[in-house]
There are 2 protein chains.
Amino acid sequence: MRSPDASPRRAVVLISGGLDSSTALAIAREQGYACYGLCVDYGQRHRAELAAAHRIAIALGVRDYKLMHLDLSTIGGSALTDPTVAVPETPTEGIPVTYVPARNTLLLGLALAWAEVLEAWNIFIGVNAIDYSGYPDCRPEFIQAFETMAQRATKASVEGKRFKIHTPLIELSKAQIIEHGLRLGVDYSITVSCYQADDEGRACGVCDACRLRRAGFGSASAADPTPYR
Amino acid sequence: MRSPDASPRRAVVLISGGLDSSTALAIAREQGYACYGLCVDYGQRHRAELAAAHRIAIALGVRDYKLMHLDLSTIGGSALTDPTVAVPETPTEGIPVTYVPARNTLLLGLALAWAEVLEAWNIFIGVNAIDYSGYPDCRPEFIQAFETMAQRATKASVEGKRFKIHTPLIELSKAQIIEHGLRLGVDYSITVSCYQADDEGRACGVCDACRLRRAGFGSASAADPTPYR
């Protein structure tokens, strides 16, 4: 048992306010890490995510919480950052237009920067490559390549520290993620996954994120607490 | 010969306003790329860099110029982003406190994001690993690891495109960089390298960046056009 007085290992946990990252945070906490929640406002159209990320961070007892700003809307190229590109409401072929160029590279880069300053050698990200939207930067081969790069990128790594990128959800189905999170006491009613949630966080029910989430609760035979509009 | 009407290959060029990145931009242009200049305001204390970056971009004829904001001062951990940490004015052992955690990971990540939207498969960065401050993310092994990661990070790379990270200065001495730039017509008087330049861009002459730059002009037997205060 870890004593509450022992200095726990630190982890930076990327939290978006959605179902997956909330579960990743709960898992990091269960594993005994002192968690530092990092949320990035990258200009996403679903602003309710940001409020949800803060709620989740508080509910799951982060040691510290940081909201960083990175305006990817000036780059565009995605339905999530360019208001002139519609969020698809039916399944599409291939990588959907909700893909955001280099998003996870940047989110992990920010986490790496903060982790180095905190002397936290662990970073958690809630990517999953089973019930997902096909984003290339959610796949294990991307995460491995980022971790390899991180070993060469920082002063800490030159000095012999190793950053570990934890992806506890990467091989889980959405139903398994939900079952795991429910066992850990995650309150999914305060999370927001919808790509076009309204200001109160109510979900559309038809975008890719909503479809995956709703199907996950169905497969897990769990009540779906999502507020739909 | 490349016809001016032919559609040239595009490159995103990271420009900081300093000597190295200005030379990298001149080299990219000489190689026939249509250049898209990206400058990142990451909260650096040497704000005169940002104005210099814009001057250089205009002087060297970029196709487009983008200034992005990324407030690393909220993370700190560097003399360049934390005003309470002094910039060293004498040589120090090891990696200096002017190292900024994960800076080049983030700068290249932003360049990658814009490059994907532009369909520019080339990114130029003016790192050099000879007359440099020992920053880990200026070394060839870091750049190679980033390039490998980029092949797995983006929709474009999944679809068969390859992003090339160009580091035309990486094996050049500061004197060689200056000689090369002068041949290409770079006006170094409008560049700012100093870590603590004043608002008019006048250099301190004693920080690491100033020492490397001044020694470079000396070794190149070129007049140093730097305005010192």
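So, here's what we can say about the structure. (Residues numbered from 1 in each chain as written. Chains lettered and ligands numbered in written order. Predicted model: local features only at pLDDT ≥ 70, side-chain atom pairs only at ≥ 80, totals over all residues.)

Regarding helix 2 (residues 48–59) of chain B
The periodicity of an α-helix, 3.6 residues per turn, causes residues three or four places apart in sequence to face the same way. Residue and element names in this part refer to chain B. Helix length check: helix 2 (12 residues) gives 17 Å between terminal C-alpha atoms against 16 Å at 1.5 Å per residue, within 8%. Considered for burial, the residues of helix 2 that qualify are Ala48, Glu49, Ala52, Ala53, Ile56 and Ala57. Along its buried surface, helix 2 packs onto helix 1 (19–30), strand 2 (34–41) and strand 3 (64–69). Immediately beyond the C-terminal end of helix 2, within one or two residues, lies Gly61, with a positive phi of roughly 65°. (Helix = DSSP H or I, 4+ residues; strand = E, 2+ residues; numbered from the N terminus. Expected span 1.5 Å × (residues − 1). Buried ≥ 20, exposed ≤ 12 C-beta atoms within 10 Å, placed from the backbone. Contact = placed C-beta atoms within 7 Å.)

Quick look at the packing of helix 4 (residues 140–153) of chain A against helix 4 (residues 140–153) of chain B
Put simply, helix 4 of chain A and helix 4 of chain B touch, their axes get as near as 8 Å, and they point 165° apart. Between helix 4 of chain A and helix 4 of chain B, the interaxial angle falls into the category roughly antiparallel. In terms of crossing hand, the pair formed by helix 4 of chain A and helix 4 of chain B is left-handed. Along its contact with helix 4 of chain A, which presents A:Glu141, A:Phe142, A:Ala145, A:Phe146, A:Thr148, A:Met149, A:Arg152 and A:Ala153, the element helix 4 of chain B presents B:Glu141, B:Phe142, B:Ala145, B:Phe146, B:Thr148, B:Met149, B:Arg152 and B:Ala153. Along the lines of polarity and charge, the residues of the contact of helix 4 of chain A with helix 4 of chain B split into 10 nonpolar, two polar and four charged. (Axes fitted to C-alpha atoms, helices over the stretch in contact; angles between N-to-C directions. Parallel < 35°, antiparallel > 145°, perpendicular 65-115°, else oblique. Left-handed = near helix turned anticlockwise from the far one by under 90°. Nonpolar A, V, L, I, M, F, W, Y, C, P; charged D, E, K, R; others polar.)

A short note on the pairing of strand 1 (residues 10–14) of chain B
Burial within strand 1 of chain B is extensive, with four of its five residues counted as buried. A crossover connection joins strand 1 of chain B to the parallel strand 2 of chain B through helix 1 of chain B; in handedness this β-α-β unit is right-handed. (Right-handed = clockwise from strand over helix to strand, strands pointing away.)

Focus on the relation of the copies chain B and chain A
Its rotation angle being 180°, the transformation that places chain B on chain A also includes 0.0 Å of axial translation and leaves an RMSD of 0.0 Å. What the superposition gives is, in effect, a two-fold axis relating one chain to the other. Of the residues that chain B buries at the interface, 100% are likewise interface residues in chain A, meaning the two copies contact each other through the same surface. (Least-squares fit on C-alpha atoms with pLDDT ≥ 70 in both.)

Side note on the interface of chain B and chain A
Listed as interface residues are 37 residues of chain B and, on the opposing side, 37 residues of chain A. For the side of chain B that touches chain A, the elements supplying multiple residues, two or more each, are strand 3, helix 3 (103–118), helix 4 and helix 5 (155–158) of chain B. When residues of the side of chain B that touches chain A are assigned to their parent elements, the largest contribution, nine residues, is made by helix 3 of chain B. Here the residues of the side of chain B that touches chain A are counted per class, giving 21 nonpolar, nine polar and seven charged.

Overview of the sheet that holds strand 4 (residues 122–124) of chain B
Residues and elements named next belong to chain B. Spatially, five strands are ordered 3-2-1-4-5 in an open sheet, and the strand pairing comes out parallel. For this open sheet the edge positions go to strand 3 and strand 5 (164–166), each flanked by a neighbour on one side alone. Neighbour-to-neighbour, the strand axes of this sheet turn through a mean angle of 25°, independent of strand direction. Bridging between strand 4 and strand 5 involves three bridges; their strand directions are parallel. Of the residues in strand 5, the one forming a bridge with Asn122 is Lys164. (Pairing = 2+ DSSP bridges.)

Examining unusual backbone geometry
Residue and element names in this part refer to chain A. Positive phi, close to 60°, is recorded for Ala102, a residue that is not glycine. Inspection of the secondary structure assignment puts Ala102 in the loop between strand 3 (64–69) and helix 3 (103–118). Looking at Ala102, the number of C-beta atoms within 10 Å reads 26, which means it is buried. For Glu119, which is not glycine, the phi dihedral falls at a positive 55°. Structurally, the position occupied by Glu119 is in the loop between helix 3 and strand 4 (122–124).

A closer look at helix 6 (residues 174–183) of chain A
Residue and element names in this part refer to chain A. Turning to helix 6, its buried residues number three or more, namely Lys174, Ile177, Ile178 and Gly181. Viewed end-on, helix 6 has its buried residues packed into an arc of 95°, placing them on one side of the element. Considering only its buried residues, helix 6 is in contact with helix 1 (19–30) and helix 7 (208–219). Phi for Gly185, located one or two positions after helix 6, is positive at around 85°. (Arc of directions from axis to C-beta.)

Things to note about the packing of helix 3 of chain A against helix 4 of chain A
Residues and elements named next belong to chain A. Closest axis-to-axis distance for the helix 3/helix 4 pair is 11 Å, and the angle between their directions is 40°. Classified by the angle their axes make, helix 3 and helix 4 are oblique. For helix 3 against helix 4, the interelement crossing comes out right-handed. For the pair helix 3 and helix 4, the contacting residues are Asn104, Thr105, Leu108 and Leu112 in the first and Phe142, Phe146, Ala150 and Ala153 in the second. A per-class count over the contact of helix 3 with helix 4 returns six nonpolar, two polar and no charged.

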